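Chains, contacts and geometry: an overview
Next come the chains, spelled out residue by residue.
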Amino acid sequence: MTKTTISIIKADVGGFPGHSSMHPKLMEKANEQLKISKDKKEITDFYVGKCGDDLDLIISHNKGVDSSDIHGLAWDTFVKCTEIAKELKLYGAGQDLLADSFSGNVKGMGPGVAEMEITERKSEPLVCFLMDKTDPSAFNLPVYKMFADPFNTAGLSIDPSMIAGFKFEVYDIYNNKRVFLNTPEELHELLALVGSKSKYVIKRVYPKKGGKYPEDEPAAVVSTDKLSLIAGEYVGKDDPVAIVRAQSGLPALGEVLEAFAFPHLVSGWMRGSHCGPMMPVAMEDATPTRFDGPPRVVALGFQIANGKLVGPVDLFKDKAFDLTRQKASEIADYMRRHGPFEPHRLAPSEMEYTTLPKVLEKLKGRFEKVA
Ligand code: F6R
Ligand code: MG
Ligand code: MG
């Protein structure tokens, strides 16, 4: 049976105005480019999404993950969109394209990637999450909740096909290492790591061996390309994306979304240097303007039918998330009152790749030894 690959490849190639949202001409250009590939049958289907100043290309195909054709297509699309961004003098035109030319894989070149190759189930509901003004660790808490917390996901305790739990792949982003942990057996170890979100991020979640689904096909995948680390200094936030499969032995769609009903605190607000609440919104409301935020998440729901992306439904449009948004606004207000003080501003270790070291450099010679 042929497998389907779903890839989200994203980049900020110019904001409008400032870093707040996307110019419609960039969306048009991306649609035009991907349509050419779809007409040539190079890809099966596509959808062009956005979140704040990030352009999110959702592509279905059968070339597997890390395909240089697909990454090349995304790269070329970003380059074409950058040309328009430059013409319109959009802000930060081409900022996430860190290399001069494409060399086989967009990883390490600026754009973020989340992709999974799956055997389509009888029915394949799937959610594409797009975030802005934050970093990949913003998915730690919600993905933990979806796949390991019975207080969020009822199925973990009352669905026999879920009770065995899931396997988490966790990255240590500073040392380029990974570890696999099984839940519920190693739940406490998992939390010991992923609660420390500046260092450990959830990369993938897999079904367990002997369960309903192949153990090597992820149920969830998060983009983890640390843009600031790649570039060596702050050049733009590493706004992440994720893909999560739902239903029938995996968390129900509503359990997947429930994980965002709590506006948890994440890093990446204003200048990539502040902590603030994650606000789930409809795509048209993903326009972070208050202090360049607060951070946003968009959820696009699809049914995959032989590679076709049926949808999307803009899932956080639902009024049921109004209270979360209200709460997020209240928390945003509370955090803002701290001004430049931690914990609203990030701790020094997380500020290393921002513009702060340049400010501190000036004072270097003025520090005297205290007797
Ligand atoms: C960008 C972001 C923004 C910018 C801020 C300053 O996604 O998070 O908060 O960091 O607007 O941008 P510059 O230095 O370009 O003026
Ligand atoms: Mg930007
Ligand atoms: Mg952004």
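Definitions and limits used
Residues numbered from 1 in each chain as written. Chains lettered and ligands numbered in written order. Predicted model: local features only at pLDDT ≥ 70, side-chain atom pairs only at ≥ 80, totals over all residues. Heavy atoms only, no water. Helix = DSSP H or I, 4+ residues; strand = E, 2+ residues; numbered from the N terminus. Polar contact = N/O pair within 3.5 Å; in protein donor to acceptor, adjacent residues only side chain to side chain. Contact = heavy atoms within 4.5 Å. Domains from an automatic or database assignment. Salt bridge = Lys/Arg side-chain N within 4 Å of Asp/Glu carboxyl O. Buried < 20%, exposed > 50% of the residue type's maximum accessible area, 1.4 Å probe, protein only.

A few words on the side chain of serine 20. Along the chain, serine 20 turns up in the loop between strand S1 (4-11) and helix H1 (24-39). Here the side chain of serine 20 touches phenylalanine 16 through a polar contact of 3.5 Å, landing on its backbone oxygen. A polar contact of 2.8 Å, which involves the side chain of serine 20, links it to the backbone oxygen of proline 17. Residues within four places of serine 20 in sequence aside, it is in contact with Gly52, Asp53, Ala286, Thr287, Pro288 and Thr289.

This part takes up the domain arrangement of the protein chain. Domains assigned within the protein chain are domain 1 (1-115) and domain 2 (119-371). Put simply, the middle of domain 1 and the middle of domain 2, counted by C-alpha atoms, are 21 Å apart. Taken together, the contact between domain 1 and domain 2 spans 34 residues of the former and 38 residues of the latter. If you look at where domain 1 meets domain 2, you find two salt bridges. Between the two partners, domain 1 and domain 2, sit nine residue pairs in polar contact (both at pLDDT 80 or more). Of all elements in the fold, only S1, strand S2 (45-51), strand S3 (54-61) and strand S4 (112-118) reach the threshold of two or more residues within the side of domain 1 that touches domain 2. Looking at which element gives the most residues to the side of domain 1 that touches domain 2, the answer is S2, with six residues.

Our focus in this paragraph is the environment of asparagine 182. Relative to the elements of secondary structure, asparagine 182 occurs in strand S7 (residues 177-182). Overall, asparagine 182 belongs to the partly exposed group, its relative accessible area being 25%. Each C-alpha atom of the pair asparagine 182 and tyrosine 206 lies 9.4 Å from the other, and the pair is 24 residues apart in sequence. If sequence neighbours within four positions are ignored, asparagine 182 has contacts with Phe166, Lys167, Leu187 and Lys208.

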